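# Architecture and fold: a report
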Amino acid sequence: MPHRIRLQRPWKREVYCNQQLIHVEERVDLPDSQAIILDEESAASHNVFDVTYHRSFNCPTGLEPTDKLSIELQEPVSGEVDVRLNGESLARDETVGSKTDATEEVGIYSISQPLRSQNSLEIHLVVTGEGGERGLQLQPEIGGVALKIDS
């Protein structure tokens, strides 16, 4: 029977343009569909941005060496996505079903290395901006995130 630990607040959201940080929010909740308004100077005539969500978490107690661990990323997710744990990209597991027990659409990202006592999770999205009255608007969409433990 799988056990899920929801990785809720606080997440840090960063927006990059040409690998330069242009916007930061320190405490963001997931799921997130909050619009980000960038002024014309920050947008610098580009319309494709990298949005990164960061969160740290401790290793759960009681893990067994045979436990299979993964990150579940609920839909919707806008654009391309890259999930990294402790700096290493996780592969999306296409061999398992794409629904949780609650029939939510999810992406499963397998964790192949043992967890550290303190772990860093990053989710990178590529988002296209749209012009608006107050500047350029980004609309990243990302669902909830959970650490899944299969015993």
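Rules behind the numbers
Residues numbered from 1 in each chain as written. Predicted model: local features only at pLDDT ≥ 70, side-chain atom pairs only at ≥ 80, totals over all residues. Heavy atoms only, no water. pLDDT = per-residue confidence, 0-100. Contact = heavy atoms within 4.5 Å. Salt bridge = Lys/Arg side-chain N within 4 Å of Asp/Glu carboxyl O. Helix = DSSP H or I, 4+ residues; strand = E, 2+ residues; numbered from the N terminus. Buried < 20%, exposed > 50% of the residue type's maximum accessible area, 1.4 Å probe, protein only. Pairing = 2+ DSSP bridges.

When pLDDT is averaged along the protein, the result is 86; 87% of the residues meet or exceed 70. When the criterion is pLDDT under 50, residues 99-103 qualifies, and its contacts beyond four places in sequence or with other chains add up to seven contacts.

Let us look at the pattern of salt bridges. Considering all chains together, one arrives at eight salt bridges under this definition. Of the charged contacts, one joins Glu72 and Arg4 as a salt bridge, the two residues approaching to 2.7 Å between their closest N and O atoms. Highlighted residues: Glu72 in strand E6 (residues 68-74) and Arg4 in strand E1 (residues 3-6), separated in sequence by 68 residues. Classification of Glu72 by relative accessible area gives buried; the value is 5%. Lys12 serves as the salt-bridge partner of Glu26, at 3.9 Å between the closest nitrogen and oxygen. Highlighted residues: Glu26 in strand E3 (residues 20-28) and Lys12 in strand E2 (residues 11-17), separated in sequence by 14 residues. In the salt-bridge network here, residues are joined through shared partners; they are Lys12, Glu14 and Glu26.

Attention now moves to the environment of Ala146. Here Ala146 is to be found in strand E13 (residues 145-150). We classify Ala146 as buried; its relative accessible area is 5%. Note: C-alpha distance between Ala146 and Ile5 (141 residues apart in sequence) is 5.3 Å. In contact with Ala146, not counting residues within four places along its chain, are Arg4, Ile5, Arg6, Leu7, Ser70, Ile71 and Glu72.

With that out of the way, let us pick up the pairing of E2. Burial of E2 is extensive: five of the seven residues sit out of reach of the surface. Pairing of E2 with E3 involves six bridges; the strand directions are antiparallel. Across the sheet, residue Tyr16 finds its bridge partner in E3, namely Leu21. Where E2 folds back onto E3 in an antiparallel hairpin, the turn is made up of two residues, including Asn18, whose phi is positive at roughly 50°. By the bridge criterion, five bridges tie E2 to strand E5 (residues 48-58) in an arrangement that is antiparallel. When the bridges of E5 are listed, Arg13 appears paired with Tyr53.

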